[in-house]
Amino acid sequence: MFVVPEGLAPETYPLAWLVGSWRGQGVHGYPGVPESGFCADVAVTSDGGPYLSWTCRWWPDGLVPSDGSEVPDAPPWVVETGWWRVPPHDDGPPHPVELLVADPSGHVAVYVGQVSGARVDLVSDLVARTETGADVTAGRRLLGLVDGELMWAFDLAAFGQPLQSYASARMTRVE
């Protein structure tokens, strides 16, 4: 039985299933980037405000123990931080949802979509970058809870390539 985490703002209840720490394995590849495995660590937290915080980090496969018991001291390959919001609406499910993310490759993105049950579908609404930032132009994300595990897929349009598969992962709740 699922219990809504204590102290969670009611606005974020549709995303309550996502709150916690997750670790697991994934694979990524893109034109010009050979396919390879990675280990991921995701934290979705609340400080009681009407949003959830998001931190996602990836390391090359082999740096994290296969049982996911710890994360390495090594710098991660990928880091992104952001916030989930569920805008006010009058209807029941699906609920509108927004994800705002930034990463040190020099770009930020705003994703919009919907959450229905334990599934979130998002598409980029805005992607901005610094002059030297990665040439990312669009993205699509799918997250879902399947048999207690967090599954996610991330499609990307970047470096002149059309929107296509970039990464996917399967993660287990560790907290």
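This text goes with the structure placed above it.
Residues numbered from 1 in each chain as written. Predicted model: local features only at pLDDT ≥ 70, side-chain atom pairs only at ≥ 80, totals over all residues. Heavy atoms only, no water.

Participant: Can you break down the nonpolar core residue by residue, with the values?
Facilitator: In this structure, Trp-54, Trp-84, Val-120, Leu-143 and Trp-152 are the most contacted members of the largest nonpolar core, which totals 38 residues. The greatest single-element share of this core, amounting to five residues, is contributed by strand E9 (residues 149–158). For Trp-84, the contacting residues outside a window of four places in its chain are Leu-15, Leu-18, Tyr-51, Leu-52, Trp-54, Val-97, Glu-98, Leu-99, Val-120, Leu-122 and Leu-143. (Core = buried A, V, L, I, M, F, W, Y, C linked by side-chain atoms within 4.5 Å. Buried < 20%, exposed > 50% of the residue type's maximum accessible area, 1.4 Å probe, protein only. Helix = DSSP H or I, 4+ residues; strand = E, 2+ residues; numbered from the N terminus. Contact = heavy atoms within 4.5 Å.)

Participant: Now, about the side chain of Glu-80: what can you tell me, with residues and values included?
Facilitator: Mapped onto the elements, Glu-80 comes out in strand E4 (residues 78–85). A relative accessible area of 8% places Glu-80 in the buried class. In this structure the side chain of Glu-80 is engaged in a polar contact, spanning 2.9 Å, whose partner is the side chain of Trp-54. Each residue touching Glu-80, except ones within four places of it in the same chain, is listed here: Trp-54, Thr-55, Cys-56, Val-101, Ala-102, Asp-103 and Arg-141. (Polar contact = N/O pair within 3.5 Å; in protein donor to acceptor, adjacent residues only side chain to side chain.)

Participant: So what's going on with the sheet that holds strand E1 (residues 20–30)? Which residues, and what values?
Facilitator: Strand order in the closed barrel formed by 10 strands is E1-E2-E3-E4-E5-E6-E7-E8-E9-E10, and the pairing between neighbours is antiparallel. Across the sheet, the mean angle separating the axes of adjacent strands is 20 degrees when strand polarity is ignored. Where strand E5 (residues 95–103) and strand E6 (residues 107–116) come together, nine bridges link them in antiparallel fashion. Looking across to E6, one finds that Glu-98 is bridged to Val-112. (Pairing = 2+ DSSP bridges. Axes fitted to C-alpha atoms, helices over the stretch in contact; angles between N-to-C directions.)

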